[in-house]
Amino acid sequence: MATQTKTDISASVLDVPNSERERVFDAFRRWGYLAADLDPLGFFPPEWPSDLPKEGEYVQESRNIYSGTVGVEFIHIPDPQRRQWIQTRMEGPQAPVDQDAALEQLIRADLFELVLQQRYLGTKRFSLEGVTALIPLVDEILDTAAEQGAVELVLGMSHRGRLNVIVQVTKRPAEEVFANFEDVDPRSVLGSGDVKYHMGATGEYVTRGGSKVHIHLVSNPSHLEAVDPVTVGRTRAKQDRTGESGQQQYLPLLVHGDSAFAGQGIVAETLNYADLRGYTVGGTIHVIANNLIGFTTVPRESHSSRFAAQIARRQAIPIFHVNAEDVDAVVRVGRMAVEYRYKFKSDVVIDLIGYRRHGHSEVDDPTITQPLLYKAIKEHPPLWEIYAEDTGIEDVQARVQAIREEFEAAQQKAGSLTKKPSLRELPKYWGNYKGGRYKSEYAVETGMSSDELQALTEHLTTYPADFHIHPKVKKLLEQRAEMGNGKRAVDYGMAEALAFGSLVKAGIPVRLSGQDSRRGTFNQRHSVLLDIENEQEYVPLQNISADQARCEIYNSTLSEAGVLGFEYGYSRDYPEALVLWEAQFGDFANVAQAVIDQFVSAGEDKWNLLSGVVLLLPHGYEGQGPEHSSARIERFLQLAARDNFQICQPSNAAQYFHLLRRQALSHWRKPLIVFTPKSMLRHPDAMSPIENFTNPSFLRVLPDSEVSEAKRVLLCTGKIGHELREERKSRKDNSTAILFVDQLYPFPEEELSAEFERYSMARDIMWVQEEPANMGALSYMLPRLRQISGERPVLSIKRSPSASPATGSAKAHEMEQKTLLSLAFTTGE
Ligand SMILES: Cc1ncc(C[n+]2csc(CCOP(=O)(O)OP(=O)(O)O)c2C)c(N)n1
Ligand SMILES: [Mg+2]
């Protein structure tokens, strides 16, 4: 929990140990992990720091504990209670291990890989061999978690050993995995689907203690570690659905690669929010399936630290390094880690150190890059053989034979399947929601009566009598009250509050997170009121009605990929909620590009998994320079296909209100990308009279109510439209119609065709955008507009092509903008 990191460095660490025994033990507790015997093959030898005594009384005893096959880093944890807990567990009696069960799992793990190797020679499977102890480790994690009340393990992992995990942990029948190797039904996935080692899977695990734990293996892309925040977000959603015992019932487990854990920044982002109110899941178990190699790269090329796990040291959490060939030690560490997680609601890292038996994939020859290592590996027996000998368990060969025959029979069966089996079942809460192409039956009414709006306004603009409000916020709320009561046009901030308020009132939870989102980057939201005398919070959106749904708005960490991944994950397990992620400025979304490409855009296509996550991306050219102008509309439009998501830019406050409500109320579950305003947040032309909130629904295209007979039609989206209207006014022009395309994708063909017909006499049709020619919606819009414009040419007004989105000079921006507006009214004359 957040509180513990701030406690003082305890006396027990700084005190000089007062006995010889304590002195020796203290040294080993601190440094013993460096001297631990962790690598089964000896390529990663122990270090013996000078602080560590080599001989004398107590050395052997403490060495056995802290420099044996387990090395634990825990002295950096400031909370003495936590250190004491680990110390007691390490130094106390060791629990017995169910060696027979562990051996069975090890044999199964190896034999499954062996059968795959023999039957599907030359295909990639990313074998687990070398770290097969992962299976008894996860078994122990599940056994312990079930004792603590877990009902589900939410498991995020990448390629390594995934197929093995699908069979041994998720408990999918082996023939289902074999069938995926047969690739039995290619026609069903032409142009879509995903490779077998990325697909998600679900199943039931029965622990040795006899409890059932549901396993949810999360679908993941090739992009290593991108699944981490998604897994944590999914877990949080499941926990939130459950209520108070959520953290107990839903346990997240992330299995990382060693190179990926050390190298990918998203790991740090995910670790960083572990204890924060908006993101905590009461502790994630991290296992590094550490084979001391990444593709062809060895640890000394992979990280500047001794251990790949080092990044976890930033936090006050324990790291257990364990030799993957001491199976009993691995199992004991698994139990300790889970008990620690439950006791302290903390993340825990298990660094499971083994090797990789084959090349990176099985088509890769590792003897070219690591000849000596692979010579040693070739001579090294599989773990089950070593363990059988160590434990003295008999009749192993008969067991091996039986398991082999079992997998071979499953393989035979798979060959006769004609349909690719699905490895997972969707939770019931997805029952009501639809993906695929848009159909008109998904349309919903989003307008509200003036009475309802007034009642909401009352709740949104009032606070307890004894609350000491900031004078500026007081004024803002007074203005909002006037907006809701029709005395003043409604701005975006109030429109959003009305949308959120109306949804939570109707029982639809709202969750928004982003950098500085509670106040709003542009001072526009003020969702949380703070008492200026005692900093007590009052959240009007949480005080709408007694039986309302949750409304949660969080300031996120300074992260994009990590936080968007989390919110996407959350949306995956809370389809009934409106889940939003807000970028500080739209361009920062490109830091989350992998999450956008791999999950938000392609999730349905690859995995048939839906999400209604909303991205709020401030966009608009306002002279603030290259980096605060563009949310890269072009990128999202390029990703758009087969109605994978919706891309909108509401041009006024009421449109924003209807759009947010549409997203929550419609049963068509698609990600929504919203380009949101900055200066337009308060621009009079973008404000809406309260009556517009009673309109039936969001308009994909905003018609021009001022000009009915036009010679020229300007089509645009967003802020430039308001500037064009101003320009038109100053030119006293009454023959130019200005249309706002508020929904760019799916393309509003019907509405635009109707407008083209309405202005059939117009000669000049122009797409106008602020963005350079190679950006914005231009290359998406032009061919589509030309298709419906008939004989009439469609021209375009835009900035010249540019490598960077905008100029760094405010004055240059002004000049460009003026030219743009002027050209919009004069080109072709
Ligand atoms: C973000 C990202 N960068 C690069 C790759 C290409 N790649 C796939 S596996 C791999 C090595 C991974 O090593 P490690 O994390 O140690 O896992 P292992 O395969 O050893 O289990 C690389 C570089 C990728 N999949 N994702
Ligand atoms: Mg590795």
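Here, every reference points to the structure presented above.
Only a predicted model underlies this, so the values are computations on that prediction, with no experimental measurement involved. (Residues numbered from 1 in each chain as written. Chains lettered and ligands numbered in written order. Predicted model: local features only at pLDDT ≥ 70, side-chain atom pairs only at ≥ 80, totals over all residues. Heavy atoms only, no water.)

Visitor: Please explain the packing of aromatic side chains as it appears in this structure.
Guide: What describes a pair of aromatic rings is the distance from one ring centre to the other and the angle between the planes of the rings. Counted by the stated rule, this structure contains 32 aromatic pairs. Judged by centre distance (6.2 Å) and plane angle (80°), the ring pair of Phe 747 and Tyr 780 falls under edge-to-face. Here Tyr 780 lies in helix 28 (residues 778–788) and Phe 747 lies in the loop between strand 20 (743–745) and helix 27 (749–758), a separation of 33 residues in the sequence. For Phe 747, a relative accessible area of 18% gives the class buried. A connected cluster of aromatic rings, assembled from ring pairs, spans Phe 112, Tyr 120, Phe 178, Phe 181 and Phe 407. Taking NZ or CZ as reference, Arg 341 lies 4.6 Å from the ring centre of Tyr 342, over its face. (Phe/Tyr/Trp six-rings, centres within 6.5 Å; stacked < 30°, edge-to-face > 60°. Helix = DSSP H or I, 4+ residues; strand = E, 2+ residues; numbered from the N terminus. Buried < 20%, exposed > 50% of the residue type's maximum accessible area, 1.4 Å probe, protein only. Lys NZ or Arg CZ within 6 Å of the ring centre and 35° of its normal.)

Visitor: I tried to follow the layout of surface pockets on my own but got confused; where do I start?
Guide: Take a probe with the size of a water molecule and roll it over the atoms, and the empty space left behind shows itself. Reported here for the largest pocket is a volume of approximately 680 Å³. Lining the largest pocket are 29 residues, and of these Glu 604, Asp 605, Lys 606, Trp 607 and Asn 608 sit closest to its centre. Sorting elements by how many residues they give to the lining of the largest pocket places helix 23 (residues 603–607) first, with 4 residues. Among the residues making up the lining of the largest pocket, the classes are represented as 8 nonpolar, 10 polar and 11 charged. (1 Å grid on protein atoms, 1.4 Å probe; cavity = no way out; pocket = protein on both sides within 12 Å on 5 of 7 lines; lining within 4 Å. Points joined across faces, edges and corners; volume = space filled by probe spheres on them. Nonpolar A, V, L, I, M, F, W, Y, C, P; charged D, E, K, R; others polar.)

Visitor: Looking at this structure, I do not really get the sheet that holds strand 17 (residues 701–702). What am I missing?
Guide: Where strands meet in a sheet, backbone hydrogen bonds hold them as pairs that are either parallel or antiparallel. Strand order in the open sheet formed by 5 strands is 17-19-18-21-22, with mixed pairing between adjacent strands. A single partner strand is all that each edge strand has here, and the edge strands are strand 17 and strand 22 (794–799). Helix-sheet contacts for helix 26 (residues 719–730) involve strand 18 (712–716), strand 19 (736–741) and strand 21 (764–772), and the interaxial angle to strand 19 is about 165°. (Pairing = 2+ DSSP bridges. Contact = heavy atoms within 4.5 Å. Axes fitted to C-alpha atoms, helices over the stretch in contact; angles between N-to-C directions.)

Visitor: Sorry, what's going on with helix 2 (residues 20–31) here?
Guide: With 12 residues, helix 2 extends 17 Å from end C-alpha to end C-alpha; this agrees with the ideal 16 Å at 1.5 Å per step. Close packing links the buried residues of helix 2 with helix 3 (59–66), strand 1 (70–73) and helix 4 (80–91). (Expected span 1.5 Å × (residues − 1).)

Visitor: Which parts of the structure should I look at to understand the coordination of the magnesium ion (ligand 2)?
Guide: Working reference: metal with six octahedral donors, ideal angles 90 or 180 degrees; metal with four tetrahedral donors, ideal angle 109.5 degrees. At this site the magnesium ion (ligand 2) is bound by Asp 258 (OD), Asn 291 (OD1) and Ile 293 (O), with donor distances of 2.0 Å. Counting gaps between the donor residues of the magnesium ion (ligand 2) yields the pattern D-x32-N-x1-I. The same class applies to Asn 291 as to Ile 293, namely buried. (Donors = N, O, S within 2.8 Å, 3.2 Å for Na, K, Ca; no water.)

Visitor: Hey, could you run me through the sheet that holds strand 15 (residues 646–648) in this one?
Guide: Judged by pairing direction, the sheet is mixed, and its 7 strands sit side by side in the order 12-9-13-14-16-15-20 without closing on themselves. Every interior strand has two partners, whereas the edge strands, strand 12 (551–555) and strand 20, have only one. Across this sheet, the average inter-strand angle for adjacent strands is 20°, counted without regard to direction. Packed on one face of the sheet, helix 25 (residues 653–665) meets strand 13 (578–582), strand 14 (614–618), strand 15, strand 16 (672–676) and strand 20 and runs near 165° to strand 16.

Visitor: Got a minute to help me understand the site of ligand 1 in this structure?
Guide: By nearness alone, 15 residues border ligand 1, and His 159, Arg 160, Ser 222, Asp 258 and Ile 293 come closest of all. One of the backbone N or O atoms of Ile 293 is found 2.9 Å from an oxygen atom in ligand 1. Starting from 580 Å² of accessible surface for ligand 1 in isolation, the protein chains cover 75%. The residue inventory of the shell around ligand 1, partitioned by class, reads 4 nonpolar, 9 polar and 2 charged. (Near = heavy atom within 4 Å. Polar contact = N/O pair within 3.5 Å; in protein donor to acceptor, adjacent residues only side chain to side chain. Areas by Shrake-Rupley, 256 points an atom, 1.4 Å probe, with all protein chains shown as cover.)

Visitor: What exactly am I supposed to notice about helix 21 (residues 561–572) here?
Guide: Side chains of residues three or four places apart in an α-helix project in the same direction, reflecting 3.6 residues per turn. With 12 residues, helix 21 extends 16 Å from end C-alpha to end C-alpha; this agrees with the ideal 16 Å at 1.5 Å per step. For helix 21, the buried fraction is high: 12 of the 12 residues fall into the buried class.

Visitor: I keep staring at the nonpolar core and nothing clicks. Help me out?
Guide: Looking at soluble globular proteins, one finds that nonpolar side chains tend to be buried together. In this structure, Phe 178, Val 287 and Leu 352 are the most contacted members of the largest nonpolar core, which totals 94 residues. Sort the elements by how many residues they give to this core and helix 14 (residues 327–344) lands first, with 11 residues. When residues no more than four places from it in sequence are discounted, the contact partners of Phe 178 are Phe 112, Val 115, Leu 116, Tyr 120, Phe 407, Ala 410, Gln 411 and Ala 414. Core analysis: the next-biggest nonpolar cluster, separate from the first, contains 70 residues, Val 563, Ala 589, Val 707 and Tyr 745 among them. (Core = buried A, V, L, I, M, F, W, Y, C linked by side-chain atoms within 4.5 Å.)

Visitor: Looking at this structure, how should I read unusual backbone geometry?
Guide: Trans peptide bonds make up most of the peptide bonds, and negative phi angles are found at most residues other than glycine. Going from Tyr 745 to Pro 746, the amide bond is cis rather than trans, its omega being -10°. Here Pro 746 shows up in the loop between strand 20 and helix 27. At Asp 395, a position not held by glycine, the phi torsion is positive, near 60°. Relative to the assigned elements, Asp 395 resides in the loop between helix 16 (383–391) and helix 17 (396–415). Using a relative accessible area of 64% as the deciding quantity, one classes Asp 395 as exposed. Phi is positive for Lys 732, which is not a glycine, with a value near 50°. Relative to the helices and strands, Lys 732 is located in the loop between helix 26 and strand 19.

Visitor: Even after reading the chapter, I still don't get the pattern of salt bridges, so can you show me in this structure?
Guide: Across all of its chains, the model carries 53 salt bridges by this definition. Between Arg 172 and Glu 176 there is a salt bridge; the shortest N-O distance is 2.9 Å. According to the relative accessible area criterion, Arg 172 is buried, its value standing at 12%. The buried category is assigned to Glu 176, whose relative accessible area is 13%. Among the ionic pairs, Arg 236 bridges to Asp 240, the shortest N-O distance being 3.1 Å. Of this pair, Arg 236 and Asp 240 both sit in helix 9 (residues 227–242), 4 residues apart, which is roughly one turn of the helix. Pair check on accessibility: Arg 236 and Asp 240 agree, each one buried. What emerges from the salt-bridge pattern is a single network uniting Arg 89, Asp 139, Glu 140, Asp 143, Glu 147, Arg 208, Arg 335 and Glu 339. (Salt bridge = Lys/Arg side-chain N within 4 Å of Asp/Glu carboxyl O.)

Such coordinate-based values are descriptive only and should not be taken to indicate function.
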